[in-house]
Amino acid sequence: MAKRIVILGAGESGAGAAVLAKKQGFDTFVSDMSAIKDKYKEMLNERNIAWEEGQHTEALILNADEVIKSPGIPNDAPIILKLKDKGIPIISEIEFAGRYTKAKMICITGSNGKTTTTSLIYHIFKKAGLNVGLAGNIGQSLAFQVAECDYDYYVIELSSFQLDNMYKFRANIAVLMNITPDHLDRYDHQMQNYVDAKFRIIQNQTPEDAFIFWNDDPIIQRELHKYGIHGHYYPFAEKKEEGTVAYTEQNKVCFTEPIAFNMEQEELALTGTHNLFNSMAAGISANVAGIRKEYIREALGDFKGVEHRLEKVCRVKGVDYINDSKATNVNSCWYALQSMKTKTILILGGKDKGNDYNEIADLVKEKCTGLIYMGLHNEKLHDFFDKFGLPVADVQSMQDAVNAAYRMAKKGETVLLSPCCASFDLFKSYEDRGEQFKECVRNL
């Protein structure tokens, strides 16, 4: 009898996992508590994969040999607890896909900068003419690509939730950008649990593998020695330090290993200190993968950036509007505010994940001339920020947020949507939130 694989959640990762499981000859079943999008239903129906939506039928799930769980399902969901009670193994889609490919894996995680860095690495690999797929939190699911494409390399953005259910998967190149508090609501409000999840990215590395990380991150430095690290270290930092293989010196970005080269800092397509680190991590990854320095230089110089990440929308009556909807945690907003060159009206708020706003307090005092709280429950924002004495507005829709910002902003200022929070109280996703912002701004 074929082994039974049950997939919980039928979004991008779940549908992709089902396609691969079916291709590998497993008895495959997909179950989603919500409605399944039409495009995923078609994908499943075309391949005669059984599915259900709006419920989890225990009789069809608790008989699984193995379960692939969507990263969005919390570990304490009732069905997950029942599976654990029965001792049924629960893995992530990435773990599953990794079993069926010999491709080299370049994996990126961190609290911030991972989408930009992942996109940048993919851009360099494409420019160098490599046969490469983009997966994880962006692009098509890894499992779908393993089933349908034949890539030599995968560049994969990994969230802590995906890493939670990864056990044997091996990253040939692992990139850890930084670790700051995020998603603590999913980690029993214990920072250590979140840190441990991030460090799972290096758990199966061998001496041939590479571990690339930001040398000045206090949490990474504190934790490094705890995990038996088998890969070769490639730390990067803004200034040259002992052991760093990328740093800046006299307005140049210097890469020292494995092939030494440098480029003018002003040639980098992305600006701001955080993007300097993203560019360094991407440059080291490509260098380690054996890509020639001229391709790396060219790609770091012509990259177009990521949608919803410090994305300039337009200028209206002398005011710049910037969409940073991807800033779903406080540290992301810190980076955004830090990169602002003008006085700023900040739109923030949404579903709070146990946020500590102290991190941005000084920047808000220094840079902001007004705050707009956008969410169903803004009490925490009022309690924290109102004492700063800035004009504030409470809004429950994007249209109202943009209108309030339009009234508040003076010529020469910037309106920044950088919410610090998840989008799920008023929007379908951070993309939906960003699209609505852009539409409202363009209609001003």
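The structure under discussion appears in the preceding block.
Definitions and limits used
Residues numbered from 1 in each chain as written. Predicted model: local features only at pLDDT ≥ 70, side-chain atom pairs only at ≥ 80, totals over all residues. Heavy atoms only, no water. Pairing = 2+ DSSP bridges. Helix = DSSP H or I, 4+ residues; strand = E, 2+ residues; numbered from the N terminus. Axes fitted to C-alpha atoms, helices over the stretch in contact; angles between N-to-C directions. Contact = heavy atoms within 4.5 Å. Buried < 20%, exposed > 50% of the residue type's maximum accessible area, 1.4 Å probe, protein only. Right-handed = clockwise from strand over helix to strand, strands pointing away. Parallel < 35°, antiparallel > 145°, perpendicular 65-115°, else oblique. Polar contact = N/O pair within 3.5 Å; in protein donor to acceptor, adjacent residues only side chain to side chain. Core = buried A, V, L, I, M, F, W, Y, C linked by side-chain atoms within 4.5 Å.

> How would you summarise the sheet that holds strand 8 (residues 153–157) if you had to cite specific residues and measurements?
One open sheet accounts for nine strands, arranged 7-8-6-9-10-11-12-13-14; its pairing is mixed. A single partner strand is all that each edge strand has here, and the edge strands are strand 7 (132–136) and strand 14 (261–264). Shown here is a sheet whose adjacent strand axes are inclined to one another by a mean of 20 degrees, direction ignored. Relative to strand 13 (residues 252–255), strand 12 (residues 246–249) is paired through four bridges, and the arrangement is antiparallel. Looking at strand 13, one finds that T248 is bridged to V253. Packed onto the sheet, helix 12 (residues 293–302) meets strand 13 and strand 14 and runs at close to 25 degrees relative to strand 14.

> Describe in detail the pairing of strand 2 (residues 27–32), supporting the description with residues and values.
For strand 2, a buried count of five out of six residues is recorded, marking the element as mostly surrounded by other parts of the structure. As judged from the five bridges shared by strand 1 (residues 4–8) and strand 2, these two strands associate in the parallel manner. The residue of strand 2 that forms the bridge with L8 is S31. In terms of handedness, the path from strand 1 via helix 1 (residues 12–23) over to strand 2 forms a crossover that is right-handed. As paired elements, strand 2 and strand 3 (residues 50–53) share four bridges and run parallel to each other. Counterpart to S31 in the pairing with strand 3 is E52. For the crossover from strand 2 across helix 2 (residues 38–46) to strand 3, the handedness is right-handed.

> Please provide a residue-by-residue account of the packing of helix 1 against helix 2, values included.
At a closest axis distance of 10 Å, the pairing of helix 1 and helix 2 adopts a crossing angle of 5 degrees. Classed by the angle they form, the pair helix 1 and helix 2 counts as roughly parallel. Contacts between helix 1 and helix 2 involve E12, A15, A18 and V19 on the former and, on the latter, K39, Y40, M43 and L44.

> Tell me about the sheet that holds strand 3, and name the residues and values.
Across the sheet, five strands lie side by side as 3-2-1-4-5; this open sheet has parallel pairing. In this open sheet, the two strands that pair with only one neighbour each are strand 3 and strand 5 (90–91). Where strand 1 lies against strand 4 (residues 66–69), four bridges are found, and the strand directions are parallel. If you follow I5 over to strand 4, its bridge partner there is E66.

> Describe the side chain of N378, with residues and values.
Turning to its location among the elements, N378 is positioned in the loop between strand 18 (368–374) and helix 15 (379–385). The class of N378 is buried, set by a relative accessible area of 5%. Looking at N378, its side chain comes within polar contact range of the main-chain oxygen of Y373, at 3.3 Å. Leave out the neighbours within four places in its chain, and N378 touches Y373, D394, V395 and Q396.

> Account for the nonpolar core, naming residues and giving values.
Within the largest apolar cluster, 53 residues are counted, with the highest numbers of intra-cluster contacts made by L142, I156, I179, F199 and F211. Looking at which element gives the most residues to this core, the answer is helix 1, with six residues. When near neighbours in sequence (up to four residues on either side) are disregarded, L142 contacts E93, I94, A97, M105, A135, Y154, I156 and F169. Judged by nonpolar contacts, the second largest core, of 40 residues, contains V175, A246, F255 and F261.

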